[in-house]
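Take a look at the letters that make up each chain.
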Amino acid sequence: MKYSFFMNADDYTKAFRYKLKKCRHESNALKTSVVLCLIALVCFAFAQQVLTGIIYFVILGLFYIFISSFVTKNIKRQFLMSPVLRGRHTLCIYDEGLEIINGYEKIFTPWESLYDYKEDDKRVIIMPSFRKGLIVINKQTENSGELDSFLTSLKEHMAIKEGAK
């Protein structure tokens, strides 16, 4: 069974954030270093003066907000600049696994190697492997009858449960 679709930037950004949370160990080094730097700066600032420490704390909070918004904008920019991500994607279900076809490559993932699957009211997120690939299908913009039959077939073949790994 085949299903073709297009992804959009907002859904891809939300799915990418989900992937980052799912693959925590990749972002733990960055989080740890940022937290340690913040703790060191806050301790130094409070050791100097309480008032100066509060000012540093506010500045660091604003810096954190800036960095988190920059990450979201960067993910959207990568999506919008990539002709592969913006192009048509086709998912093919076989007895052996799931094949993902886009304008650049074909990725075949055996069912037992499928890393993650998440479905909610608005989107379906499929992560074919830990490192490579992220498929986002918007349920509200796609043909619901064809999508429902495809998702039913997909769930019958999958070896993992939703969000299990």
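That block above? That's the structure.
What you are looking at is a predicted structure, and each value in this text was computed from that prediction instead of being measured. (Residues numbered from 1 in each chain as written. Predicted model: local features only at pLDDT ≥ 70, side-chain atom pairs only at ≥ 80, totals over all residues. Heavy atoms only, no water.)

Engineer: Now, about helix H5 (residues 144-157): what can you tell me, with residues and values included?
Structural biologist: The end-to-end C-alpha separation of H5 is 20 Å, in line with the 20 Å expected for 14 residues at 1.5 Å each. All of the buried residues along H5 are Leu147, Phe150, Leu151, Ser153 and Leu154. One side of H5 carries all its buried residues, which in axial view fall inside an arc of 165°. Lining the buried residues of H5 we find strand E1 (2-6), strand E2 (88-93), strand E3 (97-101), strand E5 (116-119), strand E6 (123-127) and strand E7 (135-138). (Helix = DSSP H or I, 4+ residues; strand = E, 2+ residues; numbered from the N terminus. Expected span 1.5 Å × (residues − 1). Buried < 20%, exposed > 50% of the residue type's maximum accessible area, 1.4 Å probe, protein only. Arc of directions from axis to C-beta. Contact = heavy atoms within 4.5 Å.)

Engineer: Residues and numbers for the side chain of His89, please.
Structural biologist: With respect to the helices and strands, the residue His89 is situated in strand E2. Given a relative accessible area of 2%, His89 falls into the buried group. A polar contact of 3.5 Å, which involves the side chain of His89, links it to the backbone oxygen of Gly87. Beyond its immediate sequence surroundings of up to four residues, His89 is in contact with Tyr3, Ser4, Phe5, Met7, Val84, Ile101 and Asn102. (Polar contact = N/O pair within 3.5 Å; in protein donor to acceptor, adjacent residues only side chain to side chain.)

Engineer: Tell me about the sheet that holds E2, residues and numbers included.
Structural biologist: Strand order in the open sheet formed by four strands is E1-E2-E3-E4, with antiparallel pairing between adjacent strands. This sheet does not close on itself; its edge strands, each paired only once, are E1 and strand E4 (106-110). Across the sheet, the axes of successive neighbouring strands diverge by a mean angle of 20°, strand direction being ignored. Where E1 meets E2, five bridges bridge the pair, whose relative direction is antiparallel. If you follow Tyr3 over to E2, its bridge partner there is Leu91. (Pairing = 2+ DSSP bridges. Axes fitted to C-alpha atoms, helices over the stretch in contact; angles between N-to-C directions.)

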